[in-house]
Amino acid sequence: MSETFVFDDTDRKIVEQLRQNGRATNQQIAESLNLIASTVSTRIRRMEEAGMLRVVAVSDFAVHGYHVIIHVAVQVSGRPALDVAEDLAEFPEVFAAHLVTGSYEISLLLTLRDIDELPSLITDQLSKVPGIKSMIPAVGLDVVRYGLDTGPIDSRRLA
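The structure presented is a predicted model; accordingly, all values stated were derived computationally and were not measured. (Residues numbered from 1 in each chain as written. Predicted model: local features only at pLDDT ≥ 70, side-chain atom pairs only at ≥ 80, totals over all residues. Heavy atoms only, no water.)

K.L.:
A description of the nonpolar core should follow, citing residues and the corresponding values.
P.N.:
Ranked by internal contacts, the top residues of the largest apolar core, which has 22 residues, are Val72, Val74, Leu88, Ile106, Leu108, Leu110 and Leu126. Those elements giving two or more residues to this core turn out to be strand S1 (68–76), helix H4 (81–89), strand S3 (106–112), helix H5 (118–125) and strand S4 (132–139). In terms of residues, this core owes the most to one element, S1, which gives 5 residues. Counting residues in each nonpolar core, the second largest holds 11 residues, with Val15, Ile29, Ala30 and Leu53 among its members. (Core = buried A, V, L, I, M, F, W, Y, C linked by side-chain atoms within 4.5 Å. Buried < 20%, exposed > 50% of the residue type's maximum accessible area, 1.4 Å probe, protein only. Helix = DSSP H or I, 4+ residues; strand = E, 2+ residues; numbered from the N terminus.)

Structure follows, in structure tokens:
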């Protein structure tokens with residue numbers, strides 16, 4: 001007979017501590033919540049085993065030398081969008097390639113070290129992939145939100 005996992009207030013507080021600092025040690029979390037480290041460790045392990053908690057590493061592009069993030073909408077013609085997306089995904093500058101609905105069948109996320117790399121990448125490399133009808137690049141100016149939780153964006157945080 002399997003047990004139903006139920007979050008309690010302590011579990012929620014531990015998760016909140018991890019959200020604030022994903023590198024916090026069990027000892028640091030325990031001290032901030034007035035617990036002992038073994039309690040924090042046991043609860044984290046229990047949440048992971050129940051599939052209620054997972055740790056995901058998120059990297060800062062700038063730390064790796066990529067200072068420009070660009071979204072490119074790609075319109076396809078004469079070739080399956082999946083084939084075009086797979087060819088585009090081979091470029092090292094392509095961080096993510098998604099098939100999407102709408103006027104543009106592919107959404108790319110590019111990471112570049114410098115904006116000066118963009119013109120040659122678009123005109124000399126990406127545009128040569130067979131099946132591309134048009135591309136619309138949009139340079140990312142600022143990161144408004146970067147995270148993995150799926151809750152709604154709180155407009156108060158944007159002000």
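Text resumes after the structure shown.
K.L.:
How would you summarise the packing of helix H1 (residues 9–20) against helix H2 (residues 26–33) if you had to cite specific residues and measurements?
P.N.:
Contact geometry of H1 with H2 gives a least axis separation of 10 Å together with a crossing angle of 125 degrees. With respect to each other, H1 and H2 are oriented oblique. The two elements H1 and H2 meet at a crossing, and its hand is right-handed. Counted together, Lys13, Ile14, Gln17 and Leu18 of H1 and Ile29, Ser32 and Leu33 of H2 form the full contact between these two elements. (Axes fitted to C-alpha atoms, helices over the stretch in contact; angles between N-to-C directions. Parallel < 35°, antiparallel > 145°, perpendicular 65-115°, else oblique. Left-handed = near helix turned anticlockwise from the far one by under 90°. Contact = heavy atoms within 4.5 Å.)

K.L.:
Please provide a residue-by-residue account of the pairing of S1, values included.
P.N.:
As paired strands, S1 and S3 are joined by 7 bridges and run antiparallel to one another. From the neighbouring strand, Val74 faces S3, where its bridge partner is Ile106. In this structure, S1 lies alongside S4, joined through 7 bridges in antiparallel fashion. Residue pairing for S4: Ala73 is matched across the bridge by Ile136. (Pairing = 2+ DSSP bridges.)

K.L.:
Account for the pairing of strand S2 (residues 94–99), naming residues and giving values.
P.N.:
Bridge count between S2 and S3: 5 bridges; the pairing is antiparallel. Within S3, the position partnered with His98 by the bridge is Ser107. Linking S2 to S3, which pair antiparallel, is a turn of 6 residues; within it Gly102 sits at a positive phi near 115 degrees.

K.L.:
Any chance you could break down helix H3 (residues 37–49) for me, citing the residues and the numbers?
P.N.:
Between its terminal C-alpha atoms H3 stretches 18 Å, which fits the 18 Å expected from 13 residues at 1.5 Å a residue. Of all the positions in H3, only Val40, Arg43, Ile44 and Met47 are classed as buried. Down the axis of H3, the buried set is contained in an arc of 100 degrees. They therefore lie on one face. Where H3 is buried, its residues meet H1 and H2. With its phi angle positive at about 75 degrees, Gly51 sits one or two positions after the end of H3. (Expected span 1.5 Å × (residues − 1). Arc of directions from axis to C-beta.)

K.L.:
Provide a residue-level description of the pattern of salt bridges, including the pertinent values.
P.N.:
Side chains that differ in charge, positive against negative, can pair when their charged atoms come close. Applying the stated criterion across every chain, the model contains 5 salt bridges. A salt bridge links Arg12 to Asp9; the shortest N-O distance between them is 3.9 Å. Here Asp9 and Arg12 lie together in helix H1, a separation of 3 residues that amounts to about one turn. Under the relative-accessibility criterion, Arg12 is labelled partly exposed at 49%. Residue Asp9 is classed as exposed on the basis of its relative accessible area, which comes to 55%. Here Arg79 makes a salt bridge to Asp87, at a shortest N to O gap of 2.7 Å. Judged by relative accessible area, Asp87 falls into the partly exposed class, the value being 30%. Overlapping salt bridges bring together Asp8, Asp11, Arg43 and Arg46 as one network. (Salt bridge = Lys/Arg side-chain N within 4 Å of Asp/Glu carboxyl O.)

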